[in-house]
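Chains, contacts and geometry: an overview
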Amino acid sequence: MAEVFSVIMAGGVGSRFWPLSREKKPKQFLDILGTGRTLIQQTYDRLVKISKPEHIIVVTNEDYFDLVHQQLPDIPEKNILTEPLRRNTAPCIAYAAMFVKAIDPNGVMIVSPADHYVGDVSEFVATLSAGVNFVRDKNPEALVTLGITPSRPETGYGYIQFDVNARHQIDGKVIYKVRTFTEKPDIETAKIFVESGEFLWNSGIFIWSADTILNSIKEHLPEVYNEFSGLEGEKVNDRERIEQIYSKVPAISIDYGVMEKDKNVYVIPADFGWSDLGTWGSLYENYPKDEEENVIQGNNVLVFDTRRSFINVPDDKLVVVLGLENVIIAEADGMLLIANRDSEQQIRNIVNRIKVEKGKDYI
């Protein structure tokens, strides 16, 4: 029987979590949920229930090899695949698929970002297991993704429309054929999507065989496949070869490059308390709040006449907040962010401005 490999994508910088998330130590390596485990460690803890430690692979930027090795000591060092440049998810997945195929030509891959929140781990594992069995036993050519049942009309997520008339059932889970993918919609479109009952949030979590995803990349992204082809066996850890590949491949997402174009894409509706933790707002949604709907992280914070705000400051800093509403206040390493929560999508652009005007030391 084909082995199940889990691939953790951990190369991002999490700029929308500035100043807590920085280039030297981005959010996936931080315990931003206050659980005692960092986000990548929590991702590992979930996936190790499905894959053996020696079958868990991390793809990350070469600057983060030591961080991964320190935080995930149970996975072999050779399973930490490092990218010399950030090229989005399609090259990352092609790299991991070549690695898996070299070990097990029939290997099934689960692909997950390193920085998601999952509330119900048992349901998460059951959903993934159903997807693995569908790919392994029912439809080896399928590209499967998990779609999150929407709880609100959200403009920060992409959406997946499924075909209600093309459904399969396995292990108590329903799997639908995908009709369309839609990037982040405006609020009116999001409302229509949610009301229709035919749309799910795009989680960015995938299941497929290594061979199938490589064939799909070959068909839809030949410029990516051609560079990675031949990267087998010991060559997957050939640094010189990897640097050559990454200097040539385009930066493109697997969603845009493959999933939106392929004809054999399926989605499993899922509801396990999910958030992509992409912004301070998504973190706010997953934290307990006081009677004024504030989230307060820091032992010396005094709040007066303040509502619906997120405050994250060091324990040794006395912070007084008076008469504010709907704000983010975050400090780390002497850098302070004060922003309206409705403006948080602009933080990434602000970080780019800081890099240009103040230098890399601040990001």
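Described in the following lines is the structure provided in the data block. Everything numeric here is computed off the predicted structure, so don't read it as measured data.

What follows covers the packing of aromatic side chains. Evaluated as defined, the whole model comprises 17 aromatic pairs. Taking 4.8 Å as the distance between ring centres and 65 degrees as the angle between the ring planes, the aromatic pair formed by Tyr157 and Trp201 counts as edge-to-face. Note that Tyr157 is positioned in the loop between strand S6 (143-148) and strand S7 (159-170) and Trp201 in strand S9 (residues 199-209), a separation of 44 residues in sequence. An aromatic cluster is present here, built from Phe17, Trp280, Tyr284, Tyr287 and Phe310 joined pairwise through their rings. Sitting above the plane of the Phe124 ring, Arg46 keeps its charged end 5.5 Å from the centroid.

The subject of this paragraph is the nonpolar core. Grouped together as the largest cluster of nonpolar side chains are 48 residues, with contacts concentrated most on Met109, Trp208, Ile213, Ile217, Phe228 and Ile254. If one sorts the elements of this core by residue count, helix H3 (residues 89-103) sits on top with 10 residues. Contacts of Phe228, omitting those with residues within four sequence positions, involve Pro91, Ala94, Tyr95, Met98, Ile245, Tyr246 and Val249. Val4, Leu146, Phe199 and Ile205 belong to the second-largest nonpolar core, a separate cluster that totals 46 residues.

Take the sheet that holds strand S17 (residues 335-340) next. On the basis of which strands lie adjacent, the open sheet formed by 4 strands has the order S12-S14-S16-S17 and mixed pairing. Looking at strand neighbours, the two that pair on one side only are strand S12 (295-297) and S17, the edges of this open sheet. Going from strand to strand, the sheet's axes swing by 5 degrees on average, the running direction of each strand aside. As paired strands, S12 and strand S14 (residues 310-312) are joined by 3 bridges and run parallel to one another. Paired with Ile296 across the strands is Ile311, a residue of S14.

This paragraph deals with the side chain of Lys173. Its location among the elements puts Lys173 in strand S8 (residues 173-182). Polar side-chain contacts of Lys173 include one of 2.4 Å to the side chain of Glu123. Excluding residues within four positions of it along the chain, Lys173 makes contact with Glu123, Ala126, Thr127, Ala130, His168 and Ile268.

Position of Gln42 relative to the elements: it lies in helix H1 (residues 39-47). The class for Gln42 is buried, based on a relative accessible area of 15%. Every residue in contact with Gln42, bar those within four places of it in the chain, is listed here: Leu33, Thr35 and Arg37.

Take the packing of H3 against helix H8 (residues 239-248) next. Any two packed helices are characterised by the angle at which their axes cross and by the distance between the axes. At a minimum axis separation of 12 Å, H3 and H8 run at an interaxial angle of 150 degrees. In terms of their interaxial angle, H3 and H8 are classed as roughly antiparallel. Crossing hand, H3 versus H8: right-handed. For the pair H3 and H8, contact is made by Pro91, Cys92 and Tyr95 and by Arg239, Ile242 and Tyr246, respectively. Here the residues of the contact of H3 with H8 are counted per class, giving 5 nonpolar, no polar and 1 charged.

Bringing H3 into the picture now. For an α-helix, the turn length of 3.6 residues means that residues three or four places apart are oriented alike. Taking 1.5 Å per residue, 15 residues should reach 21 Å; H3 reaches 21 Å between its end C-alpha atoms and fits that length. With 12 of 15 residues buried, H3 is to be regarded as a mostly interior element. Within H3, burial applies to Thr89, Ala90, Pro91, Cys92, Ile93, Ala94, Tyr95, Ala96, Ala97, Met98, Phe99 and Val100.

Our next topic: unusual backbone geometry. The residue after Trp18, namely Pro19, is reached through a cis peptide bond having omega 5 degrees. Residue placement: Pro19 occurs in the loop between strand S1 (4-9) and H1. In the Ramachandran plot, Asn88 falls in the positive-phi region, its phi being about 70 degrees despite a non-glycine side chain. Within the secondary structure, Asn88 sits in the loop between strand S3 (80-83) and H3.

If the charged atoms of two oppositely charged side chains come close together, the side chains can form a pair. Under the counting rule described, the total for this entry stands at 16 salt bridges. For Lys52, the salt bridge goes to Glu3, with nearest N and O atoms at 3.8 Å. With Lys52 in the loop between H1 and strand S2 (56-61) and Glu3 in the segment before S1, the pair connects residues that are 49 residues apart, well separated along the chain. Residue Glu3 is classed as partly exposed on the basis of its relative accessible area, which comes to 28%. In this structure, Glu154 engages Arg152 in a salt bridge whose closest nitrogen and oxygen atoms are separated by 3.1 Å. Classification of Glu154 as buried rests on a relative accessible area of 19%. Among the ionic contacts, a cluster of salt bridges with common partners joins Asp305, Arg307, Arg308 and Glu325.

Looking now at the environment of Ser247. Within the secondary structure layout, Ser247 lies in helix H8. Spatially, the C-alpha atoms of Ser247 and Pro76 are 26 Å apart, while their sequence positions differ by 171 residues. Within polar-contact distance, the side chain of Ser247 engages the backbone oxygen of Gln244 at 2.7 Å.

Positionally, Thr60 belongs in strand S2. Overall, the relative accessible area of 0% leaves Thr60 in the buried class. Between the C-alpha atoms of Thr60 and Asn340, which are 280 residues apart in sequence, the distance is 32 Å.

Conventions we followed
- Here the residue numbers are simple positions, counted from 1 along each chain's written sequence.
- In keeping with the model being predicted, local features are shown solely for residues with a pLDDT of at least 70 and side-chain atom pairs are shown and tallied solely at 80 or more, while totals for entire chains, interfaces and linings include all residues.
- In computing side-chain values, all of the structure's heavy atoms are included and hydrogens and water are not.
- To pair, rings of Phe, Tyr and Trp, with the six-membered ring standing in for Trp, must have centres within 6.5 Å; the planes then decide the type, stacked if under 30 degrees apart, edge-to-face if over 60, and tilted in the middle.
- Secondary structure elements follow DSSP: runs of H or I no shorter than four residues count as helices, runs of E no shorter than two count as strands, and numbering proceeds from the N terminus.
- Comment: the charge-over-ring label is applied if NZ (Lys) or CZ (Arg) is within 6 Å of the ring centre and within 35 degrees of the ring normal.
- Grouping buried Ala, Val, Leu, Ile, Met, Phe, Trp, Tyr and Cys residues that are joined through side-chain atoms within 4.5 Å yields what is termed a nonpolar core.
- Burial status follows relative accessibility: with a 1.4 Å probe on protein chains alone, a residue under 20% of its type maximum counts as buried, one over 50% as exposed, and anything between as partly exposed.
- Residue contacts follow a heavy-atom distance rule, with two residues in contact if any of their heavy atoms lie within 4.5 Å.
- In this analysis, strands are considered paired if DSSP registers two or more bridges between them.
- Here the axes come from fitting lines to C-alpha atoms, over the contacting stretch only for helices, and the angles between their N-to-C directions go from 0 to 180 degrees.
- Any pair of nitrogen or oxygen atoms within 3.5 Å is treated as a polar contact; in protein, a donor-acceptor pairing is required on top of that, and neighbouring residues in sequence qualify only through side-chain atoms on both sides.
- Roughly parallel covers angles under 35 degrees, roughly antiparallel covers those over 145, roughly perpendicular covers 65 to 115, and oblique covers all other angles.
- Whether a crossing is left-handed or right-handed is set by the direction in which the near helix is turned from the far one by less than a right angle, anticlockwise for left-handed and clockwise for right-handed.
- By the convention adopted, Pro, Cys, Tyr, Trp, Phe, Met, Ile, Leu, Val and Ala count as nonpolar, Lys, Arg, Asp and Glu as charged, and the other residues, Gly among them, as polar.
- Any helix carries an expected span of 1.5 Å times its number of residues minus one.
- The term salt bridge refers to a pairing of a side-chain nitrogen on Lys or Arg with a carboxyl oxygen on Asp or Glu at a separation within 4 Å.

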